[in-house]
Every structure is written in C-alpha cells, then in structure tokens.
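# Structural description and commentary
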Amino acid sequence: MNDTSEVTQVLQQYQVSVTVLTMLPCVLFLYVNGVMLFAVLRKPVFQESSRYILFGHLLLTESLQLLVSVLLFIMAVAAVRMVSYACVLLTLFATITVKMSPLNLAVMSLERYVAICFPLRHADIATTVRTGVAIAVMWTAASLDAFTQLFIFVRLENTSSTVPRYCSRQNVFRLQISITLYKVFNIVYFVIVSIIIIYTYIAIMITVKSASANVREGSKAHRTVLLHLFQLGLCLVSTMFSMIKSGQLVGVLFVLLIILPKCLSPLIYGLRDQIFRHVFIYYFTFGFKITNKTFPKS
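Residues numbered from 1 in each chain as written. Predicted model: local features only at pLDDT ≥ 70, side-chain atom pairs only at ≥ 80, totals over all residues. Heavy atoms only, no water.

Here we come to the overall build of the protein. When its secondary structure is counted, the protein shows 11 helices and zero strands. Classification of the 298 residues of the protein by burial places 42% in the buried group. Counted over contacts in the protein with a minimum sequence separation of 6, partners at least 24 positions apart contribute 78%. Per element, the accessible surface of the protein, about 16,800 Å² overall, is 70% carbon and sulfur. (Helix = DSSP H or I, 4+ residues; strand = E, 2+ residues; numbered from the N terminus. Buried < 20%, exposed > 50% of the residue type's maximum accessible area, 1.4 Å probe, protein only. Contact = heavy atoms within 4.5 Å. Areas by Shrake-Rupley, 256 points an atom, 1.4 Å probe, with all protein chains shown as cover.)

Now the structure itself:
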C-alpha cells in the first residue's frame, strides 16, 4: 500500500513538473505575440495599411489559438472532465482558429500579388474597408466546418452530459461522419490555400523578371510569398500533434508542434519588416534605449 502511494505521488510530481516546464515557453511565446499585436495597434501607420492589418489579424488568431491550445492541454494533463457542450464549443473555436491561419496567409499573399502585379490599382483594391470584408469572409469560411460539426453533434452525437476522460476533439466527435468531414474540410482548405500561394508566387516571380517591374519591391514580395508557403508548412506541422500518441513526450511534442510554429511564423514575418522590427524591439524591451554618453576628458 505504501509503495503504491509513493509511486502515485512520484507520478503526480512528474506530471506537475512536465506541465510547468511546458508552460514556460508557452508564456514566453504568448508574450512575444502579445507585444507584436500591441505594436500594430499602437501605431496608426500600421492600421492604415492592409498589409499590416492582415498581419495584426494573423497575430490575433495565432494568439487565440495559443491560448485555447494551452487551456486544453492543461485540462488534459489534469484530467478535467467538462460538460459536453462546453467542451464542444471550446474545441470548435480551436478548430476555427486553426483554419484561420492558412486562410490569412492566402489573403496576405493575394495582397502582395496585387501590390506587385497591379501597382496602380493596389490603393483602390487593398483598402481598409475591403480588408475588413476579407477578414469577415475568412471567419465565415473557417466556421463552416465548426457549424457542420455542431449540427451533427446536436442531432446525432449528444449522448452524455459530460465528456469521458478529458476535453478533446477525439473524445467529443466520435462518429465516423464527423471524423471524415473534419479530414475533408482540412484537405480542401489546405489545397485551396496552397494553390493560391503557389499561384501568387509564380505570378510575382514572372512580374519581377519583366523590364517594367520594380525589381527591388518585386523581389521582396517574392520572398514574402515564399515565406507564406513556409508558414503554411508550419500550419501543417501543427495538425500532426493530434495524430501522434505519446504519453511521455506529449509535453515536448505540444511545444514543438503546436506552440513553436504559432510563434515562429509571425515572428519571422514581423522581424523581416524594418519598420515593424524597430517598433517591436522598442516595446519588447519596454522602451529601453541605449544612449551614447560623452564623458569629459580628464
């Protein structure tokens, strides 16, 4: 009996230690994303450009996904049992934020495409109003899967008031039709986004090679769209977490496959921009500046 209690206590201490170590990088990444979002909101120049509005929206959705993912991870580690509908709403919101990232990248690539291929019409096409409409369309498109899953759950799958074990998609959506629809929606989203990003990349590359193009701006936009393709790859990496079953390495895999890509993607994009990089560093260091002081000669 004493041996059993000691083993249980050791396992609980190990679980707490893993959870704490996992949460430390999560807090750091949330702080980085929060600072970048704060920098976008603080400067009016960023709020007047469709490019920065879309970047700020990407930061917002990535941060929301980080928060929800961390919350679900903590509840899974603590084996918290939730009411079915509360768990469904939480997991569906996480699903929406996951799909928002690739959709946002597609719209950002289209904005760069218009800026390089149609520079004279860019100011008329990429307005703040149309950017807001594009964001609303993204949320609508990302919610289609969630509303479909909610309808199926209410009509066919709501058999118990509490979720068995812990709150996760696998524990609430167990019907084969729900699993199939989830996979189909994911494939459709990523295929459409991949086609858009690859098309804009090729179109910009062709435009850059033309004699009338602004080579410097075109090359920069070409690298930006290529970065979007890399970011899309990070989004795909994040989806691998739910496919891997590893109890001992779950904390490490959670940080590497969920948290790290969601922070690394916007961080790389933000630091590439010279204007935004200076603003971000200023707020990240709490406005600390190193000033050169001149000392009188002795």
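Our focus in this paragraph is the pattern of salt bridges. As enumerated under the stated definition, the model contains two salt bridges in all. Across the salt bridge formed by K99 and D145, the nearest N and O atoms sit 3.1 Å from each other. With a gap of 46 residues between them, K99 in helix 4 (residues 84-117) and D145 in helix 6 (residues 128-157) connect regions that are remote in the sequence. Each member of the pair K99 and D145 is classed as buried. (Salt bridge = Lys/Arg side-chain N within 4 Å of Asp/Glu carboxyl O.)

Moving on, we get to the nonpolar core. M36, F55, L72, M138 and F276 are the most contacted members of the largest nonpolar core, which has 61 residues in total. In contact with F55, other than residues within four places in its own chain, are M36, V40, M108, P266, Y269, G270 and F276. (Core = buried A, V, L, I, M, F, W, Y, C linked by side-chain atoms within 4.5 Å.)

So, on to empty space enclosed by the protein. Per the stated rule, a full pass over the model turns up two cavities of 30 Å³ or more. Computed from the structure, the second largest cavity encloses a volume of approximately 40 Å³. Those elements that place two or more of their residues in the lining of the second largest cavity are helix 3 (50-77) and helix 10 (250-272). For the lining of the second largest cavity, the leading source of residues is helix 3, giving three residues. (1 Å grid on protein atoms, 1.4 Å probe; cavity = no way out; pocket = protein on both sides within 12 Å on 5 of 7 lines; lining within 4 Å. Points joined across faces, edges and corners; volume = space filled by probe spheres on them.)

Taking 1.5 Å of rise per residue, 28 residues should cover 40 Å, and helix 3 covers 40 Å from first to last C-alpha, within 8% of that figure. Positive phi appears at A79, one or two residues downstream of helix 3, with a value of about 55°. (Expected span 1.5 Å × (residues − 1).)

Bear in mind that shape data such as this cannot, by itself, settle questions of function.
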